[in-house]
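Coordinate inspection notes
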Amino acid sequence: AYLLVLMGSIMINYLTGLGMFYEQNTRRRQRIFVLGIVLNLLLLIIFKYTNFAFNNVNVLTNIFGLEPIYVNTIILPLGISFYTFKAITYLVSIVGEEKVPRTNIADFALYLAFFPQVIAGPIDRYNVLLPQIKNRTISIQKFTSGVKRFTLGLVKKVIISSPLAYVADQIFSRPIDDLSTPVVWLGAISYTLQVYYDFSGYTDMAIGLGRLFGFEFSENFNFPYISRSIREFWVRWHITLSTWLRDYLFLPLAYSSYKKLEKGEYLGIRKDTVTYIYATTITFLLCGMWHGAAWTFIIWGLTHGLLLSLEKTGFGIWMEKRFRPLGHIYFLLSIVLTFVIFRSSTLSQAFGLLGIMFGIGGRVVYWPEMLEYLDREYITMLIIAIAGSTTIFVNILNKINSRTQYRLTGMRHVVHYGSSIVMILGILMALFFVTLTLVSVTNNSFIYFKF
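This report concerns the structure included in the present document. The structure displayed is predicted, hence computed values, not measured ones.

**Side note on the pattern of salt bridges**
- Across all of its chains, the model carries 14 salt bridges by this definition.
- When salt bridges with common partners are traced through the structure, they connect Arg 149, Lys 156, Asp 204 and Glu 219 into a single cluster.

**Considerations on the packing of helix α10 (residues 239-260) against helix α11 (residues 271-291)**
- Here α10 crosses α11 at 140°, and the two axes come no closer than 9 Å. Put simply, α10 runs oblique to α11. Seen from above, α10 lies across α11 with right-handed handedness.
- In the contact of α10 with α11, the residues fall into 14 nonpolar, five polar and two charged.

**A word on unusual backbone geometry**
- The residue after Gly 121, namely Pro 122, is reached through a cis peptide bond having omega 0°.
- In this model, His 238 sits at a positive phi of 40°, which is unusual for a non-glycine residue.
- Taking the relative accessible area as the measure of exposure, His 238 reaches 0% and is therefore buried.

**Side note on the layout of surface pockets**
- Considered as a void within the structure, the second largest pocket measures approximately 1200 Å³ in volume.
- Around the second largest pocket, the lining comprises 49 residues; the ones closest to its centre are Asp 169, Gln 194, Arg 343, Ile 447 and Lys 450.
- When residues of the lining of the second largest pocket are traced back to their parent elements, those giving at least two are α2 (26-63), α7 (140-172), α8 (181-212), α14 (324-343), α16 (376-388) and α18 (409-440).
- Across the lining of the second largest pocket, the residue classes break down as 25 nonpolar, 15 polar and nine charged.

**Things to note about the environment of Phe 342**
- For Phe 342, the position within the fold is in helix α14.
- The class for Phe 342 is buried, based on a relative accessible area of 3%.
- In this structure the C-alpha to C-alpha distance between Phe 342 and Ala 294, which are 48 residues apart in sequence, comes to 9.7 Å.
- Setting aside residues no more than four positions away along its own chain, Phe 342 makes contact with Tyr 191, His 291, Phe 297, Trp 300, Tyr 448 and Phe 451.

**What to know about the packing of aromatic side chains**
- In this structure the tally under the stated criterion is 43 aromatic pairs.
- Ring geometry for Tyr 14 and Phe 108: centres 6.4 Å apart, planes at 35°, overall tilted. Of the two residues, Tyr 14 sits in helix α1 (residues 3-22) while Phe 108 sits in helix α4 (residues 105-113), which places them 94 residues apart along the sequence.
- Overall, Tyr 14 belongs to the buried group, its relative accessible area being 10%.

**So, the nonpolar core**
- Core analysis: the biggest nonpolar cluster contains 110 residues, and Tyr 225, Trp 234, Trp 237 and Tyr 448 have the highest contact counts within it.
- Ranked by the residues each element gives to this core, the list is headed by α8, at 14 residues.
- The contact partners of Tyr 448, leaving out residues within four places of it in the chain, are Phe 82, Ala 120, Val 195, Asp 198, Phe 199, Trp 237, His 238, His 291 and Phe 342.

Scoring rules and cut-offs
- Residues numbered from 1 in each chain as written.
- Predicted model: local features only at pLDDT ≥ 70, side-chain atom pairs only at ≥ 80, totals over all residues.
- Heavy atoms only, no water.
- Salt bridge = Lys/Arg side-chain N within 4 Å of Asp/Glu carboxyl O.
- Axes fitted to C-alpha atoms, helices over the stretch in contact; angles between N-to-C directions.
- Helix = DSSP H or I, 4+ residues; strand = E, 2+ residues; numbered from the N terminus.
- Parallel < 35°, antiparallel > 145°, perpendicular 65-115°, else oblique.
- Left-handed = near helix turned anticlockwise from the far one by under 90°.
- Nonpolar A, V, L, I, M, F, W, Y, C, P; charged D, E, K, R; others polar.
- Buried < 20%, exposed > 50% of the residue type's maximum accessible area, 1.4 Å probe, protein only.
- 1 Å grid on protein atoms, 1.4 Å probe; cavity = no way out; pocket = protein on both sides within 12 Å on 5 of 7 lines; lining within 4 Å.
- Points joined across faces, edges and corners; volume = space filled by probe spheres on them.
- Contact = heavy atoms within 4.5 Å.
- Phe/Tyr/Trp six-rings, centres within 6.5 Å; stacked < 30°, edge-to-face > 60°.
- Core = buried A, V, L, I, M, F, W, Y, C linked by side-chain atoms within 4.5 Å.

As structure tokens, this is what we get:
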């Protein structure tokens, strides 16, 4: 039934784009644009935030002794956050960059609802996919590249992420009083790695599927866990979302704020720094809300905004001049702690878990209970996950490839064809093990489906 929502979004934005393009009057053109943006956001707000809003209203009605307001639970349509953002980029590209809208509704529907991207991105922009919709090439090289990339993503999700997810889910579902400090840290680290391999795995699968059809999607991850700051993390993590937030939220907010402020300093802080803090806080407040209708996501977003603002001040400059591993430790500690908030179902659980991680509350440490989680499969996948979140494997492959280029011609052919055979066998073996795992496990849903 929710296909009607996607079809409605397609029609709204298709007609809005045509209306803007053919309207000659600038003021009426801007009104059509605003109407299109409002309709997109209204669709997102109704389906994503109605239950959250009424739940918070009922907290107030309970305080004042009033009757609560009951509404039917609204199920979130798959992908609505992602295709709504893609729709907004389409309208912005027409009004701001004078792009010609697609007069063929099938082409526009393909842009908004192409199945590899529709559920969890990447959030490719109209000017990225438009040339490929009109003219793209399909080749055996691109097809085989797509198969490799799809298999990599499937392995990330099913083989690496799932064992980490099992441990994280077990720990986060236990009562707060039944947890000890090392167990919570284990759960937090497991989830931090799980969410990366789950989401980057989906992105790899989407990119791979796109290549099978001749499309090149934007990269969405660039080893985010090797960062030395939260700012660098957002340059490397969910790249299409962070650039969307930068271009359509942060920059307009910063520009309007900067224009309003008079020259000078405010509480000893330069005007550009005040502008950055203001725009960053609002942007990441909305980023948190985009991820989910819950206070945990709002606090998670505000925490990232706070850390980014802090890095803009003297703290960031001081960190850049320190010993390099110190910045990495600061980042890893920050990202693990904030992902605890992100994963928690309530704020009370989040604060309780954070307290236990620093020795406040919880049960006495009982080391044998760690053996419940630290089996051979988990330890193996934990080591692979940590190594794979760095550039170690990529550097090894680049080293091998660079050396084969300088061998004699005959030997180079042997190495080339030998490595190709090994790659094919590796892909077949990976798909075999993935299939076995999928048959034995009932739930393999992606984390970002819920957003």
